Amino acid sequence: MIGRAGALKSDYWCAAGDYVRKSLGLPWQTKIYAVDGIGASSTTGARSAVRFTLDPAAAGVTPFTGNWTGDILTPGYAFRANAAYGKCEDWIFPFRSRN
């Protein structure tokens, strides 16, 4: 996911949840894993991108098993699509529907 200027970590999760549900058509319970934190995009060269995966083993990421992290973009940290989409602020999607 490529971030806009000033994007928060929760904005990246919002976009990932939106993409998994609306673009891929996968269920709300689909788990999304962070592959790495904010950094340069390997495909576009953008300076603030985050990689996500639905298959952590294929991405070489170990699922996070701790109870708590201060960084929601810790590699292996996961949210289900509904929780990721729940990170969306109303000003990003003011007329969003949860279908």
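The following paragraphs examine the structure supplied in this document. (Residues numbered from 1 in each chain as written. Predicted model: local features only at pLDDT ≥ 70, side-chain atom pairs only at ≥ 80, totals over all residues. Heavy atoms only, no water.)

Counting across every chain of the model gives five aromatic pairs. Aromatic ring contacts, followed pair by pair, group W13, F52, F64, Y77 and F79 into a single cluster. (Phe/Tyr/Trp six-rings, centres within 6.5 Å; stacked < 30°, edge-to-face > 60°.)

Once that is clear, we can look at the nonpolar core. Counting 17 residues, the largest nonpolar core has W13, I32, F52 and L73 as the members making the most contacts within it. Of all the elements in the fold, those that place two or more residues in this core are α1 (9-23), β1 (31-34) and α3 (81-85). Top element by residues in this core is α1. It accounts for five residues. Beyond its immediate sequence surroundings of up to four residues, W13 is in contact with I32, Y33, A34, F52, I72, L73, Y77, A78, F79, A84, Y85 and K87. (Core = buried A, V, L, I, M, F, W, Y, C linked by side-chain atoms within 4.5 Å. Buried < 20%, exposed > 50% of the residue type's maximum accessible area, 1.4 Å probe, protein only. Helix = DSSP H or I, 4+ residues; strand = E, 2+ residues; numbered from the N terminus. Contact = heavy atoms within 4.5 Å.)

Limitation: the analysis is restricted to geometry and does not speak to function.
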